[in-house]
Amino acid sequence: MILSLLIFLPLLGSLVLALLPESQAVRFRWIALVVTLAEVVLAGAAYVTFDASARGYQLLEQADWITLPLGSLGIASIDYLVGVDGISLPLVVLSAVVMLVGVISSWTLTHRLKAYYSLYLLLTGTIMGCFVALDFFLFFLFFEFMLLPMYFLIGLWGGPRREYASIKFFLYTLLGSLLILLVMIGLYLSVMDPVSTAVAAGLVADPSAVTDDIVRTLQTYLQNGQLSSAQIVHTFDMRYLADGSNYLPDAFLNPAAEPIILGLPARMLAFWAVFIGFAIKLPIVPVHTWLPDAHVEAPTPVSVVLAGVLLKIGGYGFLRIVWDFFPDGAAEYAQVLGGLGVLSIVYGGLNALAQTDLKKMIAYSSVSHMGFVLLGVASLTAEGINGAIYQMVSHGVLSAMLFLIVGVLYDRTHDRRIDSYRGLMQPMPRYTTLTIIAFFASLGLPGFSGFVGELFTLMGGFQSSWLPGWMTAIATTGILLAAAYFLWTLQRMFFGSTWVRPFESPSGPTAVLTDLTAREKLMLIPLGLMALLLGLFPNLIFNLTSTTVGQWLVKFSVE
Amino acid sequence: MARQWRLIFFGEYRNKTIPLTQAHEPNWLMRGPVALLALLSIGIWFSINPLSAHGSWFFQILPALEEVSFWWLAPVSIGLVLLGGWIGFRMTEPRTDSIFVQLSLSYGFLDVVYYYFVISPTRKLAIVLSRTDKRILDGLVNGVGVSTVVLAHLARVLDRSVVDGVVNGAAWLASQLGRMTRSVQNGQVQSYITAAVVGLLLVLWWIL
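Residues numbered from 1 in each chain as written. Chains lettered and ligands numbered in written order. Predicted model: local features only at pLDDT ≥ 70, side-chain atom pairs only at ≥ 80, totals over all residues. Heavy atoms only, no water.

The name given to chain A in an unreviewed UniProt entry is NADH-quinone oxidoreductase subunit M, with the source organism recorded as Spirosoma telluris.

This is how it looks when you write it as structure tokens:
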């Protein structure tokens, strides 16, 4: 019930907002605030209810959605199936918090409020749906639907080049979705649902009577060709897609069958297709170029949501879909994947160093930090995977904070160039303090969350038997680069005597550079505290993830 | 340290910014802790015999496990300290153009080396990569976008002139054919009979 509420409460809120008359404009943001606050409470409830020591998915809700007998082609079945485990729950909680902060950050918005908040809540619902959906079809539905509100939020409320940025973001992600869709259909045709098939084959009367033994018997029947194709129920259920024994023996994506396409086994091709689909979302170099544009053009709250939550769907997709459904591909190409992670770390860091626009610098730092996620996942060690999930949560908190920091300055002067400012510490001491905290936390100062995420992914990289040590050694330069671009920016913008580009502020710097308002503090201080809390007590996350990750890794220890 | 001591406390007063009259003894808040630290740093608190620490309270509480004594260690180190102090105290003002002084003043030029071999190349690489990212990677993406639009325009032209051209052409052909056959149906009985006879002859010729 909790998970369905997480999805449908914001969708309902979105509908209500869309139906309210424009004269109620003052209430729109309050409605959005109440809904996102309720989301935080619901996510908190899920966190408390979750039993971290138990294996498998929890808080499961299942309902038949589409069942279609296709004659000799078998039976098509799509379920409404939601649930969480240690991989998705931390991201659900993160999303709830970031979406709430996004609403507070939207408070200054003045035009087209109805459309804005309606789309914002639609986005909230689809993001939650993405993280809790356990039916691939349902996941894809939310994944695709997320593009719509995002397209409009950037395209209507963005900066000067918003049309370009929004269409670029849309097309890029859509291309990725297309690859995912192809693989999804391939998987669907290749996999049976053992529980429903048992019912269809007349082995048991109803699904609740299906035991593990019956499932195993059925899987043996399937592999021996003792099931007629009309009896097989095809499924999008992720739990069954992840189990190699459910693959039809002559199926396209069966690990044993392996038809060759374009010189690659079909499964490897499918692996790369779905990897690229999610790599665009994360993003990984070289499919990252939508990100700087989207971030720079998006309004502050949308940047916060984009960096804080949307990127994580890429990393989540790696763990839930790419690596889990194609462990053979992940093992085969572990070095290439780790190399791509390292490339992202170093390339993103160097690009961040060269930026003159503060927001673009932070956008590229995101590319660098997401590289750690891929490195951790590719390492196929418990440290690496736990670290990758942790890094996603940590980056969600910190990038939200960093983009808010840019937003504070942009609200005052409408100028984001680093060289337009000097000595901001004098007129804006509180702002400077919080910026220093955010910068140091991001560059991996021990005690803050950034450090733990990077440490564990790097530890995973070094311990991994799949990745060479030098690869991880190169990745450590990412931390050095992060220190370089953050500290250099700090030095250029905040230290020294106060100066602002005169064009932006003809009456002198003190006229425009007022310190943080109460609303801004309300957003930044809790995020800073969260970064500190996570840094001091990393077990808040690791307790949730470790059992799931241990179970997740079993596939890779066998091979 | 000996040289510092000499430069600060001996000889002519040299500080030009603060006159001698303003120099004064520190207050007890500063002097007290310093005096205490100075007192405690005297060797006798550790060991009364400066040449051997065997009788020290330290080793009474924490006895050393292995007794390896170098009897010459203490005298030699004390001798080295005295020698260094003497050199430092006697040292004349070094020439600032000497290479050792220059090396020491600029930390062995390590900063310069780091600047030219690490920092500067990294920054240049960053700028180059940033340009590559903008021009090549993003250029590629935009190129794909632009070429798709160009392709779309080509398709439009193709659709209008070729695909639609075939449809229009067929219509045109039909109407032309209609126009041609209309002239045959002119209502004159003679021409109908002529056409029928010619047709009959053609059929016969084809059969035979």
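Counting its secondary structure elements, chain B contains 7 helices and 0 strands. Secondary structure elements of chain B occur, N-terminal to C-terminal, as α-α-α-α-α-α-α. Since a compact globule built from 208 residues should have a radius of gyration of about 17 Å, the 54 Å found for chain B marks it as more spread out than a globular shape. The principal-axis extents of the C-alpha atoms in chain B amount to approximately 155 × 55 × 40 Å. Evaluated residue by residue, chain B yields a buried proportion of 6% over its 208 residues. Sequence separation of at least 24 residues holds for 39% of the intrachain contacts in chain B that already meet a minimum separation of 6. Charge centroids of chain B, computed over 16 positive and 11 negative side chains, lie 15 Å from each other. (Helix = DSSP H or I, 4+ residues; strand = E, 2+ residues; numbered from the N terminus. Rg over C-alpha atoms; globule rule 2.2 N^0.38 Å. Buried < 20%, exposed > 50% of the residue type's maximum accessible area, 1.4 Å probe, protein only. Contact = heavy atoms within 4.5 Å. Lys, Arg positive; Asp, Glu negative; His and termini not counted. Charge placed at Lys NZ, Arg CZ, Asp CG, Glu CD.)

Okay, the packing of helix α16 (residues 358-379) of chain A against helix α17 (residues 382-413) of chain A next. Residue and element names in this part refer to chain A. The contact between α16 and α17 brings their axes to 8 Å, and the two run at 175°. The angle between the axes of α16 and α17 places the two elements in the roughly antiparallel class. Facing α16, whose interface residues are Leu358, Lys359, Ile362, Ala363, Ser366, His369, Met370, Phe372, Val373, Gly376, Val377 and Ser379, α17 presents Gly384, Ile385, Ala388, Gln391, Met392, His395, Ser399, Leu402, Phe403 and Val406. Along the lines of polarity and charge, the residues of the contact of α16 with α17 split into 13 nonpolar, 8 polar and 1 charged. (Axes fitted to C-alpha atoms, helices over the stretch in contact; angles between N-to-C directions. Parallel < 35°, antiparallel > 145°, perpendicular 65-115°, else oblique. Nonpolar A, V, L, I, M, F, W, Y, C, P; charged D, E, K, R; others polar.)

What follows concerns the sheet that holds strand β1 (residues 58-69) of chain A. All names here are of chain A. Within the open sheet, the 3 strands sit side by side as β1-β2-β3. Their pairing is mixed. Only two strands of the sheet have a single neighbouring strand rather than two, namely β1 and β3 (233-235). The mean angle between the axes of side-by-side strands here comes to 30°, regardless of whether they run parallel or antiparallel. Pairing geometry for strand β2 (residues 75-84) and β3, over 3 bridges, is parallel. Across the sheet, residue Ala76 finds its bridge partner in β3, namely His234. Across the sheet, helix α5 (residues 136-145) is in contact with β1 and β2; its angle to β2 comes to roughly 70°. (Pairing = 2+ DSSP bridges.)

What follows concerns the packing of aromatic side chains. This model, assessed by the stated rule, comprises 38 aromatic pairs over all chains. Pairing Phe439 of chain A with Phe486 of chain A gives two aromatic rings, centres 4.8 Å apart and planes at 40°, and the pair type is tilted. A residue pair is termed long-range when its members are at least 10 positions apart, and Phe439 of chain A in helix α18 (residues 429-442) and Phe486 of chain A in helix α21 (residues 477-494) qualify at 47 residues. When sorted by exposure, Phe439 of chain A lands in the same class as Phe486 of chain A, which is buried. Aromatic side chains Trp5 of chain B and Phe89 of chain B sit 5.7 Å apart centroid to centroid with 55° between the ring planes, which places their arrangement in the tilted category. Here Trp5 of chain B, found in helix α1 (residues 2-9), pairs with Phe89 of chain B, found in helix α4 (residues 73-90); they are 84 residues apart in sequence, far enough to count as distant. For Trp5 of chain B, a relative accessible area of 47% corresponds to the partly exposed category. (Phe/Tyr/Trp six-rings, centres within 6.5 Å; stacked < 30°, edge-to-face > 60°.)

So, on to the environment of Thr457 of chain A. All names here are of chain A. You can see Thr457 is positioned in helix α19 (residues 449-463). Thr457 sits in the buried class, given a relative accessible area of 0%. Once the C-alpha coordinates of Thr457 and Val373 are considered, the two residues, 84 residues apart in sequence, prove to be 7.2 Å apart. When residues no more than four places from it in sequence are discounted, the contact partners of Thr457 are Phe372, Leu375, Gly376, Gly384, Gly387 and Ala388. Of the polar contacts made by the side chain of Thr457, one reaches the backbone oxygen of Glu454; its length is 2.9 Å. (Polar contact = N/O pair within 3.5 Å; in protein donor to acceptor, adjacent residues only side chain to side chain.)

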